Amino acid sequence: MKHWQEHSALLVALLLLGPASALAHQDTGQAAGFVTGLLHPVSGLDHVLAMVAVGLWGAVLEAPAIWVLPVAFPVVMAFGGLLGLLGVPLPGGEIGIALSAVVLGAAVLAELRPPLWVATIIVAFFAIFHGHAHGRELPDGTSAQLYSLGFVMATGLLHAVGIMFGLAHRWSAGRQAVRAAGGGVALAGLFFLWRAVA
Amino acid sequence: MRRVVGRIVLALAGVAVALPVNAHLVETGFGEFYDGIAHVAVTPSDLLVVVALALLAGQRGIVAARYAVFALPIAWFVGGFIGARWPALAAMPLLTTLTFGVAGALVALNFKLRQLGVAALAIGAGVVHGLVNGATMAPAGASSLALGGVVSAIFCVTAILSAEVCALPKGWPQIVVRVAGSWIAAAGLLMIGWLSVS
């Protein structure tokens, strides 16, 4: 208790010393670039659902898929973003994004356990659609490097959300909850698919 | 409890007595050194390559980390010196992006690069980024003291980070390192797209 109190006093003093408003040396657009990139993946529910579903499926498949899939997705998504930036056409982009939520959600719901390489290819295939869509939407006027970093980090953190929730799969009640979450993602994906086709 | 309150009051009183700060130590002439340190922190490509190489060196073991801790700052300093002397050599954003992208990819893949390979990569990246630093900082009025700050920051970050990674236990902590590498590689891929269209 005594230690805790002493540490609290030290923490208060340190926080007071923390120069929260010191923005020295910051180039124009850098803060906007990072935050804009960080927020971009969460601006569309279809993207969010698919990325969370990647984490959920990884957790269902367990090691090594639990980390291989979330590592593969951002890298391949960035490759898709590169294609989008270069103007390489990708037909059926919105359909591909909606399908990703349907397929990944259904995989979680049905607890599909394909070989790791098959799961990786499925995830990578859909990642290209997500990346391509983002690549076409990247805004001008911000720090490209910080935007890219924020964008990739947000994607990875969405996977982490899926993984954290998916870890409940180890318990029987949690397993049903994770499957239900997968079903919810698939249903939402069907809605987005209907909207994309209509 | 009274002692703790007394300490908090003392801490607050200490903070309230605001002595002149002399930001960047203008009066001592040592401010450029700190500008150099800050330069690494606010230049995304520099920070990413240092982090990626430190992670890679740590992954490859103590000997590789020792090589990188000295090879990277020294190469950076040499590159900076050359860049300050011949600034025309240093317009190479694609190369600086490639260095952190490749290093990040190697971390993500946990690539079994030999110790000398890590050193060679550190030297190559250090020279390239140092060239750009020297070419951009010197015309802005920065002296070799600023370059010293840059190199010191790089040495500290590389030493601390690679040592931490060397000491990581197997399992999740090492996977987190690979995930960080994949994010850096993905940011590099997106950055290449930006550079291609700008």
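Below, the structure is looked at part by part. (Residues numbered from 1 in each chain as written. Chains lettered and ligands numbered in written order. Predicted model: local features only at pLDDT ≥ 70, side-chain atom pairs only at ≥ 80, totals over all residues. Heavy atoms only, no water.)

1. Some points on the overall build of chain A
Part 1 of the reasoning: For chain A, the count of helices and strands is eight helices and zero strands.
Part 2 of the reasoning: When the helices and strands of chain A are read in sequence order from the N terminus, they spell out α-α-α-α-α-α-α-α.
Part 3 of the reasoning: For chain A, the residues scored as buried account for 49% of the 198 residues in total.
Part 4 of the reasoning: Restricting the contact set of chain A to residue pairs at least 6 apart, pairs at least 24 apart contribute 86%.
Part 5 of the reasoning: Surface summary for chain A: the accessible area is close to 9,500 Å², and the carbon and sulfur share equals 72%. (Helix = DSSP H or I, 4+ residues; strand = E, 2+ residues; numbered from the N terminus. Buried < 20%, exposed > 50% of the residue type's maximum accessible area, 1.4 Å probe, protein only. Contact = heavy atoms within 4.5 Å. Areas by Shrake-Rupley, 256 points an atom, 1.4 Å probe, with all protein chains shown as cover.)

2. Regarding the pattern of salt bridges
All names here are of chain A.
Part 1 of the reasoning: Tallying each qualifying case throughout the model produces one salt bridge over all chains.
Part 2 of the reasoning: One salt bridge in this structure joins E111 and R175, with 2.8 Å as the shortest N-O distance. Taken together, the residues span a long stretch of sequence, with E111 in the loop between helix 5 (93-109) and helix 6 (116-137) and R175 in helix 8 (residues 172-197) at a distance of 64 residues.
Part 3 of the reasoning: Owing to a relative accessible area of 36%, R175 belongs among the partly exposed residues under this scheme. (Salt bridge = Lys/Arg side-chain N within 4 Å of Asp/Glu carboxyl O.)

3. With respect to the state of the cysteines
Residue and element names in this part refer to chain B.
Part 1 of the reasoning: With the rule as written, the count across this model stands at zero disulfides over all chains.
Part 2 of the reasoning: The thiol of C156 is not disulfide-bonded; the next cysteine sulfur, from C166, is found 17 Å away.
Part 3 of the reasoning: What makes C156 partly exposed here is its relative accessible area of 42%.
Part 4 of the reasoning: For C166, a relative accessible area of 29% gives the class partly exposed. (Disulfide = S-S within 2.5 Å.)

4. Brief notes about the environment of B:L10
Residues and elements named next belong to chain B.
Part 1 of the reasoning: Along the chain, the position of L10 falls in helix 1 (residues 2-16).
Part 2 of the reasoning: The exposure class of L10 is exposed, given its relative accessible area of 62%.
Part 3 of the reasoning: It is 32 Å that separates the C-alpha atoms of L10 and D35, two residues lying 25 residues apart in sequence.

5. Remarks on helix 3 (residues 45-61) of chain A
All names here are of chain A.
Part 1 of the reasoning: The terminal C-alpha atoms of helix 3, which comprises 17 residues, lie 24 Å apart, in line with the 24 Å expected from a rise of 1.5 Å per residue.
Part 2 of the reasoning: By the criterion of burial, helix 3 is predominantly enclosed, with 16 of the 17 residues buried.
Part 3 of the reasoning: Looking one or two residues beyond helix 3, the residue adopting positive phi is E62, at roughly 65 degrees. (Expected span 1.5 Å × (residues − 1).)

6. Here's the deal with a nonpolar patch on the surface
All names here are of chain A.
Part 1 of the reasoning: Residues I95, L99, V103 and V197 make up a contiguous nonpolar surface patch of roughly 290 Å² in combined accessible area.
Part 2 of the reasoning: The biggest single contributor to the nonpolar patch is helix 5, with three residues.
Part 3 of the reasoning: Relative to the helices and strands, V197 resides in helix 8. (Patch = residues over 30% accessible without salt bridge, like charges linked within 9 Å, V, L, I, M, F, W, Y side chains within 5 Å.)

7. Some points on the nonpolar core
Taken as a class, soluble globular proteins show a tendency for nonpolar side chains to be buried jointly.
Part 1 of the reasoning: By size, the foremost hydrophobic cluster in this structure holds 48 residues, and its most contacted members are A:W57, A:L69, A:F73 and A:V123.
Part 2 of the reasoning: If you list the elements that add at least two residues to this core, you get helix 3, helix 4 (65-86), helix 5, helix 6, helix 7 (144-166) and helix 8 of chain A together with helix 8 (172-197) of chain B.
Part 3 of the reasoning: Not counting residues within four places of it along the chain, the set of residues in contact with A:W57 comprises A:L69, A:L104, A:A107, A:V108, A:L112, A:P114, A:A119, A:I122 and A:V123.
Part 4 of the reasoning: Of all hydrophobic cores here, the second largest spans 27 residues; its members include B:V40, B:V150, B:V165 and B:A187. (Core = buried A, V, L, I, M, F, W, Y, C linked by side-chain atoms within 4.5 Å.)

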